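Residue strings, one per chain:
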Amino acid sequence: MTDQARPLAGHQGHTLHQHFYQHSAQAHLAIAADGTVMQTNLAAGALFGIASRALLQQNLYPYFFDADAVTFDQVCRQIMLTGNTQQCELRVMRADRYPLLLQFSCERLDNEDSTQWISICLSDISKRQNPGMTLPEGEQLSRLIANNIPGMLGYWTNDLHCTFANQSYLSWFGRSIDQMRNVSMRDLFGPELFQKNIAYVNGVLNGMDQEFERSLIKANGDIGHLWTQYIAHKVDGVVLGFFALATDVTVLKRTQTALLESEKHYRTLAEDMPLFVSTFLPDGTLTYVNKLLVNSMASTRAKLLGKNFFDFLLPDNGTTVKTQLAALTHTQPFATHEHCYPASNGDHIYHRWTSQAFFNTHNELISFQAVGEDISAYKKAEKQLRVSANALKAISQGVIITDSNSIIRSVNSAFLTISGYTEAEVIGQSCKFLQGPETDQKTRSAIRFAIDNQTAFTGEILNFRKNGEAFWNELSISPVHDRSDDTADFIGVVRDISIRKQTEAALLDSEAKNSALLQAIPDLIFIIGHDGTYLDFHAPGPELMFDRPANFLHQKLPDVLPAHIANDFMRAINTALSSGTVQEIQYSLPGTSGKELIHEARIAPSNPDTVIAIIRDITDIERERRQHELQLNQRLQVSENDLRDIQQSLTLASDAANLGVWIRDLKRDEIWASPQWRAIFGFQPDQSLGIGDVLQRIHPADLNSMQQLTRNFHLHKQSRYQAEFRIRLENDKIRWISAIWQVEFDDKQNAKFSRGVVLDITSRKQAELELEQKRVEVTHLSRVATLGELSGALAHELNQPLTAILSNAQAAQRFLMRDDVDLNELREILKDIIDEDKRAGEIIHRLRQLFNKNETQTQAVDINALAVDVSRLLRNDMINRGVNLITEFNCMLPQVVADPVQLQQVLINLIINACDAMSDLDVRDKTIIVRTTDRKDGYVALSVIDQGPGIADTSILSVFDAFYTTKEKGMGLGLSICKNIIESNHGHIWCENNATAGASFHFRLLASDRQDTP
């Protein structure tokens, strides 16, 4: 069998497959993707405690424990997806509620109708589970069985000592858990009963399960009847002990006896029993129901008799009950099962029944008698308990449940998170362990009082986490009463309020600081509503008050202050609330002495409806200010004559330096200018000037930038400006102007004046233009010189396409002389002629670009493509010189903004210089590398690396100087021109010696997407 899914065979193979499934001793199943059983055999039905035909079309998932059902679903999905064989060990619950551990070997089956099943081979590996059973394990098992089996259950070791007994078992013998634990069977049963049972005990200890009925005298003296099973507990063939499962059939025995004595007596007994009683035939037909059952079903006896017992059950429940009853024998005539009936109100009714099968002398089933009880309340309570348990886990507050002695019985996960303990560490502990030496004794006493008096408690207590960290706990304790109204437990709800406590402490500290700060402020403070009502005030002393508080508190401003002051206040309040800014006003009021007092009020918004007004007496400050202004005016009057003298001196100095001086009043837009300034700009000596007159003189190309500088002083916030621009005079004469000026601001940072000087720099600009023209001419001469050096290579470069054109043309002539001309071949020849002509044209075009004497034209340049063009241009020269030119390009480079012709000249110059440097080397060593890189700082770099002798240390700083050369016939202008070209394109060029041999020349240019970077 491979790991891949196998298809089912045809009809004959299918028949053999079915035969294998039915008669194999190995349990087999085939299920659909949703878990529905599609095929099964007898061994699989026996393993699940159900007939194989009854297992068909059932869903397999309900037999799994919850966690194992999830695991099985994941395994099935993986098998359906990959087709690989999977194995897993899962827990299942048989139809008779007996748990098993099974090994599942699963693989995918591909049917001919394109459907897919999962084939499962089952093995019972329950014996591999933990062979021993301790008391805690027994207690866990008892809880499982107690929820599903209403009978008595105990576990006896092979030395006949009891290690587990459920509540029914304990009640029958009238013993507690401690009294029953490890008791010997002889001591529990007594010598007489022990001797009666010893044969069954020996049988089960030999590995054979036992079943028998026994009459006993209960602890209270009553005679009881038990149907008992001894089930061997074996591990690897060794009997470690046995389970004693006993069902109290006392009531059935009594009923059976009564039936034998008298049918009437039986009916009377059945009618008066506090249990449901019914009899029905093997097909389910009801032959008797007692009054209690009739009332429970909300029907009449006439309507129930003759009906089928199974028709009242829900479909799934009915199938299960039929299976259980069908399995009864004369040696095992009892079965316990739960029924679920749909009620008329849409709810469900739950009954728990114990049924007995009756057989005739031929061992044929003749009837069933059943006794039951209504367990609907129990089911509802069980459901509510699950809901409550889930709710307990979901709430964010910690919950702790203790008994009446404050011993913890249960906690939720939120409590564990708050305290830092694990569940094992807190269960069974006194809840006092959360307290510490800093816990308030008064709060402890209050909690103790509430517990002792079985009353509720709510309060705050300082508790401690597992790590010793203190936290504030808002604790609520409530008593829980049982049916007899006695206090059984206490429930405590815990909430960590440490953050709230810290916030409260910080708030109190902040309030104390604010109060101290308020007391230290020497000003009057008022809180005023949006309608002008005085709401509160603070006064450091009564001498600052303008009136008694009773006369202005809760009064409005117009009712307290003069009208014009009240109006100023209301305007400031409205502005402060609408804009969220602080407003200031000044006003005067007569003081208590009758003198006029000057006040300054600062009004700030406090919240959307109120403002805080801080009132300060500035009478003395205002008097000092006025006195200072008077003294200053006097000084200004004395200094006016001195100022005129200084102004005349400055005018003479500026005229001598050809400087024009101006002062501009920015608020009035008036300009005062010196005679020299007016002469430079071409204005009359007595002409009134504004900024508009000056802007009309500025050259249109410079107008926009100058307008930005002269209009946005409030944005720039600079104190000094500098600019060079052109002006156009009335005779269209152009002048270059250099201007320096500064701006003065008032107290509110509004531009008030600008003053500065201008200088006519027309002569300097003309000299710069002439110098630039000379530089262009020198650069052009350098390119012409380069042309001379490359003339031989260029002639060879052009000779190749011209020779090819001639050869192809001659071949075309020969083709045309033939009688049978191959037109396709002729088209290929003509295409070759055209391609070679384009190639020659490209060579000539590049040469014309290189040596054209045009002005510099910057544009976006792909530096990799430019380097490729240069390498093609120099290809023949490199061959003639025996130089190997290698290119290493970064293909992700951004473009640069430069003059492409000038960059070609720089690269040609650097490559030819590299060739000259390697002229004395062997041909194998003549290698030049042209490399482009992205410097990640906004620049793109190109390097030319040679293998020559390198540059002398004394010369490395001088190689870019004009007229500096190391060649015998060199002019010393090549690298100087390269430097000028790179720097004119806002770049940088440098050189360095390589680590091994030769030198490297590098230049970098700003990437096109960074051209706006200063």
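Residues numbered from 1 in each chain as written. Predicted model: local features only at pLDDT ≥ 70, side-chain atom pairs only at ≥ 80, totals over all residues. Heavy atoms only, no water.

(A) Focus on the overall build of the protein. Check the secondary structure of the protein and you find 32 helices and 38 strands. The burial tally for the protein puts 39% of its 1014 residues in the buried class. Considering only residue pairs separated by 6 or more positions, the protein has 48% of its internal contacts joining residues 24 or more positions apart. Counting every atom, the protein has about 57900 Å² of accessible surface; 52% of that belongs to carbon and sulfur. (Helix = DSSP H or I, 4+ residues; strand = E, 2+ residues; numbered from the N terminus. Buried < 20%, exposed > 50% of the residue type's maximum accessible area, 1.4 Å probe, protein only. Contact = heavy atoms within 4.5 Å. Areas by Shrake-Rupley, 256 points an atom, 1.4 Å probe, with all protein chains shown as cover.)

(B) Looking closely at the confidence of the model for the protein. Averaged over all residues, the pLDDT of the protein is 79; the fraction at 70 or higher stands at 80%. The weakest mean pLDDT in the protein belongs to strand 1 (residues 6-7) at 44; the strongest belongs to strand 36 (residues 939-945) at 94. In the predicted structure, residues 1-14 sits below a pLDDT of 50 and forms 27 contacts with residues beyond four places in sequence or in another chain. With pLDDT under 50 throughout, residues 130-138 is counted as low confidence; its partners more than four residues away or in other chains account for 13 contacts. (pLDDT = per-residue confidence, 0-100.)

(C) Looking closely at the sheet that holds strand 12 (residues 276-280). The strand order across the open sheet formed by five strands is 13-12-16-15-14, and the pairing between neighbours is antiparallel. In this open sheet, the two strands that pair with only one neighbour each are strand 13 (286-289) and strand 14 (334-342). Averaged over all pairs of adjacent strands, the angle between their axes in this sheet comes to 25°, without regard to strand direction. Alignment of strand 15 (residues 348-359) against strand 16 (residues 365-374), held across nine bridges, turns out to be antiparallel. Each bridged residue has a counterpart across the sheet, and for Q356 the counterpart in strand 16 is Q369. In the packing of helix 13 (residues 315-326) onto the sheet, the strands contacted are strand 12, strand 14, strand 15 and strand 16, and the crossing angle to strand 14 comes to about 165°. (Pairing = 2+ DSSP bridges. Axes fitted to C-alpha atoms, helices over the stretch in contact; angles between N-to-C directions.)

(D) Geometry of the sheet that holds strand 35 (residues 927-934). An order of 33-35-36-38-37 is seen for the five strands of this open sheet, with the pairing classed as mixed. Edge positions in the sheet fall to strand 33 (884-888) and strand 37 (988-993), since each has one partner strand and no second. Neighbour to neighbour, the strand axes of the sheet diverge by 15° on average, direction disregarded. Bridge count for strand 33 against strand 35 is five bridges, and the pairing is parallel. In the sheet register, T887 faces strand 35, and the bridge partner there is V930. Against the sheet, helix 31 (residues 900-917) contacts strand 35, strand 36 and strand 38 (999-1006), and its axis sits at roughly 30° relative to strand 36.

(E) Focus on the pattern of salt bridges. The full count for this structure, using the stated rule, is 27 salt bridges. With a closest N to O distance of 2.4 Å, R495 and E474 form a salt bridge. One end of the pair, R495, is in strand 21 (residues 487-496); the other, E474, is in strand 20 (residues 470-481), and 21 residues separate them in sequence. Since its relative accessible area comes to 23%, E474 is described here as partly exposed. Here R602 ties to E584 by a salt bridge, and the two come within 2.1 Å at their closest N and O atoms. Here R602 is found in strand 25 (residues 596-607), whereas its partner E584 is found in strand 24 (residues 583-590), with 18 residues between them in sequence. Residues participating in the shared-partner salt-bridge network are E460, E474, R495 and R500. (Salt bridge = Lys/Arg side-chain N within 4 Å of Asp/Glu carboxyl O.)

(F) Structural detail: unusual backbone geometry. Backbone geometry at Q57 places phi at a positive 65°, although glycine is not the residue there. Inspection of the secondary structure puts Q57 in the loop between helix 3 (52-55) and helix 4 (66-82). Owing to a relative accessible area of 55%, Q57 belongs among the exposed residues under this scheme. Unlike most non-glycine residues, H986 shows phi in positive territory, near 65°.

(G) Inspection of the packing of helix 29 (residues 863-873) against helix 31 at higher detail. Relative orientation of the contacting elements helix 29 and helix 31 amounts to 55°, with a least axis distance of 10 Å. The orientation of helix 29 relative to helix 31 falls into the category oblique. You can see that helix 29 and helix 31 cross each other, and the crossing is right-handed. Contacts from L866, A867, D869, V870 and L873 in helix 29 reach P900, L903, Q904, L907, I908 and I911 in helix 31. Grouping the constituent residues of the contact of helix 29 with helix 31 by class yields nine nonpolar, one polar and one charged. (Parallel < 35°, antiparallel > 145°, perpendicular 65-115°, else oblique. Left-handed = near helix turned anticlockwise from the far one by under 90°. Nonpolar A, V, L, I, M, F, W, Y, C, P; charged D, E, K, R; others polar.)

(H) Molecular detail of the packing of aromatic side chains. Taken as a whole and assessed by the stated rule, the structure comprises 27 aromatic pairs. Consider the rings of F212 and Y230, whose centres lie 5.2 Å apart with planes at 80°: the pair is edge-to-face. Of this pair, F212 sits in strand 9 (residues 210-217) while Y230 sits in strand 10 (residues 223-235), placing them 18 residues apart in sequence. In this structure F212 comes out as buried when scored by relative accessible area, which is 4%. When the ring of Y230 is compared with that of F242, the centres are 4.9 Å apart and the planes differ by 50°; the resulting orientation is tilted. (Phe/Tyr/Trp six-rings, centres within 6.5 Å; stacked < 30°, edge-to-face > 60°.)

(I) Expanded view of the pairing of strand 22 (residues 524-529). Across the six residues of strand 22, five count as buried, placing the element largely inside the fold. Relative to strand 26 (residues 610-617), strand 22 runs antiparallel, the two being bridged by six bridges. By the bridge assignment for strand 26, L524 is matched with I615. By the bridge criterion, four bridges tie strand 22 to strand 23 (residues 534-538) in an arrangement that is antiparallel. When the sheet's bridge partners are listed, F526 is paired in strand 23 with F537. Once strand 22 ends, the chain turns through four residues before running back antiparallel as strand 23, passing G532 with a positive phi of about 90°.

(J) Helix 21 (residues 563-579), seen in detail. Look at helix 21: 24 Å from first C-alpha to last across 17 residues, which is about the 24 Å you get at 1.5 Å a residue. For helix 21, the set of buried residues is I565, A566, F569, M570, A572, I573 and A576. An end-on view of helix 21 places all buried positions within 165° of arc, on one side of the element. Exposed residues on helix 21 whose side chains face more than 90 degrees from its buried face are A563, H564, R571 and S578. Considering only its buried residues, helix 21 is in contact with strand 22, helix 20 (557-560), strand 24, strand 25 and strand 26. (Expected span 1.5 Å × (residues − 1). Arc of directions from axis to C-beta.)

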